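Working through the structure, step by step
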Amino acid sequence: MHLNIAVLRGDGIGPEVIEQSLKCLRSVEETFGHSFTFNKAFVGATALKEKGNPLPDETLEICKSSDAILFGALGAPEYDQNPDAKIWPEQGLLKLRKELELFANIRPVKIFPTLLKQSPLPKTTVQNTDLVIYRELSGGIYYGEKKRDEDHSATDICTYTEKEISRIAHLAFKAAKGRRKKLTLVDKANVLETSRLWRSVVTTISQSYPEVSLDCMFVDNAAVQMILDPKQFDVILTDNMFGDILSDQGSVIAGSIGLLPSASIGSEHAMFEPIHGSYPEAKDKNIANPVASILSVAMLLEHFKMKEESNAVVAAVLKSFSKKIVTPDIMGSSKYGTDYVGDFIADNIMELDGSFSINDENIGLGKSTII
Ligand code: IPM
Ligand code: MG
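Residues numbered from 1 in each chain as written. Chains lettered and ligands numbered in written order. Predicted model: local features only at pLDDT ≥ 70, side-chain atom pairs only at ≥ 80, totals over all residues. Heavy atoms only, no water.

With respect to the site of ligand 1
Formally: Here a residue is considered near a molecule or strand provided that any single heavy atom belonging to it is located within 4 Å of it. Polar contact is defined as a pair of N or O atoms within 3.5 Å, subject to the rule that within protein one atom must be able to donate a hydrogen and the other to accept it, and that residues adjacent in sequence are counted only when both atoms are side-chain atoms. For the accessible areas, the method is Shrake-Rupley and the probe is 1.4 Å, while residue cover comes only from the protein chains on display. Ten residues, namely Ala, Val, Leu, Ile, Met, Phe, Trp, Tyr, Cys and Pro, are considered nonpolar, four, namely Asp, Glu, Lys and Arg, are considered charged, and the remaining ones, Gly among them, are considered polar.
Around ligand 1, the neighbouring residues are Glu90, Arg97, Arg107, Arg135, Tyr142 and Asp244. The separation between an oxygen atom of ligand 1 and a polar side-chain atom of arginine 135 is 2.8 Å. Relative to its unbound accessible area of 320 Å², ligand 1 is 79% covered by the protein chains. Its residues assigned to classes, the shell around ligand 1 comprises 1 nonpolar, no polar and 5 charged.

Structure follows, in structure tokens:
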């Protein structure tokens, strides 16, 4: 298969983790006889500095004409500390999601048995957690009208249409159907009108999926339940803002935010990115965990029905865990750097010869690798 992949490395640790993902994609090319063309483009603070725009027109064009986008991370402290700035890096990512209509952000939270001890939560609580968050990504409060009246008041409007809710709801129900058949809608329907619409639309749609049980939960309770008993969840469906918050919380269950990948899907485009941010403190220190980005590559391959290839990437990641070839966020005592871990995983995509047993390691191999 040939794929044109736009590579948006972004800011902070973005370029370092993307470099490891590209090594893995090159391994996949070689091992499985595919050909990938990488088109690099600027985004975020780097683009703002180079081109005066966090999403330059040429970047958008490259993304639109590619089969998939591999995204690193964005954000820089100088903008976070300036709430009066008129333009900032994150606007580039938001515009990209909107322009490409990437309405469904899929964020799996899966516990890797070898890393069970990494979670700050009790082993018995997190063991066997396997949930996936379907976060609406191109609507809601992120995109409603925004106003600032001098410094006396500010407004962010949250709007959802039935269409926006139903297209992601169908995807989430279909995912639940192929999994443990449970869908939890997370909202704040006791307060917000948008949440009341979500509840009504999703409840109606659930009638078309009789094999999936639907359960509705207020977001404040869901935040507690995710920590107390994450195993109760299968598919979580939620809006843009709640999904942003709950997916970071999910990373605590997994043990490190450096482990969680994501896919952002629209009807014509697809983008793959770690859920973590640009972690500027770690930039160029060779300590960033490349696994979230590499598992995003596995999601990309799975998206294009390259199941065996995706499994090979996941298996190589699992091998790095079992051999303790991990960055310091996973094992504080680890001396391995971002590039060493990336090399190990990329080399093992090529060398997986069946000698490494993945049976008890990978919950999903052979069924669905990531989701
Ligand atoms: C994420 C990030 C983004 C978001 C930021 C960088 C705008 O936190 O992808 O979760 O809020 O969507
Ligand atoms: Mg976030």
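Overview of the packing of helix H7 (residues 162-177) against helix H8 (residues 193-206)
As a reminder, the rule being used: Angles here are taken between N-to-C directions and fall from 0 to 180 degrees, while the axes themselves are lines fitted to C-alpha atoms, restricted in helices to the stretch in contact. Helix and strand definitions follow DSSP, with helices as H or I runs of at least four residues and strands as E runs of at least two, each counted in order from the N terminus. Any angle that falls under 35 degrees is termed roughly parallel, while one over 145 is termed roughly antiparallel, one within 65 to 115 roughly perpendicular, and all others oblique. With the far helix as reference, a near helix turned anticlockwise by less than a right angle produces a left-handed crossing, and one turned clockwise produces a right-handed crossing. Contacts are assigned to residue pairs that have any heavy atoms within 4.5 Å of one another.
For the pair H7 and H8, interaxial distance at closest approach is 10 Å and the crossing angle is 45 degrees. The orientation of H7 relative to H8 falls into the category oblique. The hand of the H7/H8 crossing is right-handed. Note on element contacts: H8 touches H7 through Leu197, Trp198, Val201, Val202, Ile205 and Ser206, opposite Glu162, Ile165, Ser166, Ile168, Ala169, His170 and Phe173. Grouping the amino acids of the contact of H7 with H8 by side-chain chemistry returns 9 nonpolar, 3 polar and 1 charged.

Looking at the packing of aromatic side chains
Basically, it comes down to this: Aromatic pairing here means that ring centres of Phe, Tyr or Trp (its six-membered ring) are within 6.5 Å. Orientation follows from the plane angle: under 30 degrees is stacked, over 60 is edge-to-face, and everything else is tilted. The buried label goes to any residue with under 20% of its type's maximum accessible area, the exposed label to any with over 50%, and the partly exposed label to all in between, with areas taken from a 1.4 Å probe on protein chains only. Charge over a ring is defined by NZ of Lys or CZ of Arg lying within 6 Å of the ring centre and within 35 degrees of the ring normal.
Evaluation of the coordinates by the stated rule reveals 4 aromatic pairs. The interplanar angle of 85 degrees and the centroid separation of 5.2 Å between the aromatic rings of tyrosine 160 and tryptophan 198 together place this pair among those described as edge-to-face. Remark: tryptophan 198 occurs in helix H8 and tyrosine 160 occurs in the loop between strand S7 (153-156) and H7; sequence separation between them is 38 residues. The residues tyrosine 160 and tryptophan 198 share a single accessibility class, namely buried. Above the ring of tyrosine 143, the side-chain terminus of lysine 98 is found at 4.7 Å from the ring centroid.

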